[in-house]
Every structure is written in C-alpha cells, then in structure tokens.
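As a plain string of letters, each chain reads:
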Amino acid sequence: RKRILILIDMEENFNQENAPSPMMEYKRPSMLVFLCILTFISSGMNCLSYLLMPYIIPYLPEYISQVSMPTDLYAMVEELTLIPSWKFIFLALCCAGSVVGAALLLKLKTVGFHVYAISKLLNILIAYFMLAETSMKASGMSITTTVLIVALYFIYYYQMKKTEELNNLRNNNDAERGF
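Remember, it's a predicted structure, so these values are computed and weren't measured experimentally.

Parameters at a glance
Residues numbered from 1 in each chain as written. Predicted model: local features only at pLDDT ≥ 70, side-chain atom pairs only at ≥ 80, totals over all residues. Heavy atoms only, no water. Patch = residues over 30% accessible without salt bridge, like charges linked within 9 Å, V, L, I, M, F, W, Y side chains within 5 Å. Areas by Shrake-Rupley, 256 points an atom, 1.4 Å probe, with all protein chains shown as cover. Salt bridge = Lys/Arg side-chain N within 4 Å of Asp/Glu carboxyl O. Helix = DSSP H or I, 4+ residues; strand = E, 2+ residues; numbered from the N terminus. Phe/Tyr/Trp six-rings, centres within 6.5 Å; stacked < 30°, edge-to-face > 60°. Buried < 20%, exposed > 50% of the residue type's maximum accessible area, 1.4 Å probe, protein only. pLDDT = per-residue confidence, 0-100. Contact = heavy atoms within 4.5 Å. Disulfide = S-S within 2.5 Å. Axes fitted to C-alpha atoms, helices over the stretch in contact; angles between N-to-C directions. Parallel < 35°, antiparallel > 145°, perpendicular 65-115°, else oblique. Left-handed = near helix turned anticlockwise from the far one by under 90°. Nonpolar A, V, L, I, M, F, W, Y, C, P; charged D, E, K, R; others polar.

**Observations regarding a nonpolar patch on the surface**
A contiguous nonpolar surface patch, about 600 Å² in accessible area, is contributed by L48, L51, W86, I89, F90 and L93. Counting only elements with at least two residues in the nonpolar patch, the list comes to α2 (30–56) and α5 (85–106). No other element matches α5, which puts four residues into the nonpolar patch. Structurally, L51 can be placed in helix α2.

**Observations regarding the packing of aromatic side chains**
If you walk through the whole model with that rule in mind, you get six aromatic pairs. Measuring from centroid to centroid gives 6.4 Å for F154 and Y158, while their planes differ by 35°, and the two rings are tilted. Linking F154 with Y158, this pair stays in helix α7 (residues 140–177), spanning four residues, or about one helical turn. Here F154 falls in the partly exposed class, since its relative accessible area comes to 39%. Ring-pair connections join several aromatic residues into one group, and the members of that group are F113, F154, Y157 and Y158.

**Concerning the pattern of salt bridges**
Note that side chains of opposite charge can pair when their charged atoms are close. Inspection of the entire model under this criterion finds one salt bridge. In this structure, the salt-bridge partner of K162 is E165, at a minimum N-O distance of 4.0 Å. Of this pair, K162 and E165 both sit in helix α7, separated by three residues, roughly a single helical turn. Judged by its relative accessible area of 42%, E165 is partly exposed.

**Things to note about the confidence of the model for the chain**
Mean pLDDT over the chain stands at 79; residues scoring 70 or higher make up 78%. The least confident element of the chain is helix α1 (residues 2–17), whose mean pLDDT is 46; the most confident is α5, at 93. Low pLDDT, under 50, characterises residues 1–20; the predicted model gives this stretch three contacts beyond four residues in sequence or across chains.

**Some thoughts on the state of the cysteines**
In total, this model carries zero disulfides according to the counting rule given. Just so you know, C94 is unpaired, no disulfide at all, and the nearest cysteine sulfur is the one on C95, 6.9 Å from it. Owing to a relative accessible area of 7%, C94 belongs among the buried residues under this scheme.

**Describing the packing of α5 against helix α6 (residues 111–131)**
Two elements in contact, α5 and α6, have axes whose closest approach is 7 Å; the angle formed by their N-to-C orientations is 160°. Taken together, the axis directions place α5 and α6 in an arrangement best described as roughly antiparallel. Crossing of α5 over α6 shows left-handed handedness. Its residues assigned to classes, the contact of α5 with α6 shows 18 nonpolar, six polar and two charged.

Structure, rendered in structure tokens:
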C-alpha cells in the first residue's frame, strides 16, 4: 500500500516538473501608454493642421495685413504661401503613420515601432526639404525630441522582441521534448 502511494506521488511530481511552462507575457508598461497618448495628441493635431494648411494659407496674408504683427511674421507667411500643398499632404500622411505605429505599439505589436520610426524619419526629411527653400529652419530641439521619443519606443520594442524570442525558444524546446 505504501509503495502504491509513493509511486502515485512520484508520478504527480514528475508530471508537474515536466509540464510546459506558461508563456511569458509582456505587460503593457504605463510609460508606453503615456508615450502613445502623447503621440496620439501631438501627431493627431499635426496631421489635422497639415491637412488644413493648404486651405488656410491662401487667406493668411489677407488676415495678417489686418492685424499688426512683427515684420518677420509677414515674411514667414509669404514663404508659406510658396510651399506647394502636396508637401503638407505628405507631412499629414507621416503624422498619420506615427499615430498608426503608436496604436500598434499600444497593442504590443512589434511592427508598430518600425511604422512609427519610419514615419518620423520621413517627417523630418520632408520638413527639412520643405523648409530648405525658405528662411525657416527646423529647430534642433524638435529633432532631438523626436530622436529621444523614438529611442524610448525602441526600449519597449526591444523588451517586446526579447519576450517574443524567449517564447519562441520555449516553444521549440517544448516541441523537441514532445510537449
């Protein structure tokens, strides 16, 4: 009788030790949520403003002439009227791409980082070439902020990627052992 109980106990311990371990779950950090919300707000507002810019710019010189403003502002508005509207549409698409990338990251999809980073890189390049014809220049602060936010997103991308790799490795090991 004792022998049967010991065998049953040994069998239960063997099954518990060799049971497949649960998948590691990457939980969404609150800082990632905060970054995504900031991206939704800033890129969403930029997207809307870039979409409206081609319709607003023709009326700006008329409006500015009625209001007393510094002469630098008059020159800036005149330069804005010379920028083709398709460039603003491309900037709006880049901002929409960064919103989509942030939404994918919020759903813990690693492809979201690539979408976000590419759209931000294109946004910087388009803005740089768009403003190259004017006296306005992209500030170093805006570029630094963009690079910093992409770096923060990369940290979470790296964590998601590592968790994915560990889960794949565990699945392969479990398959080899027959689980």
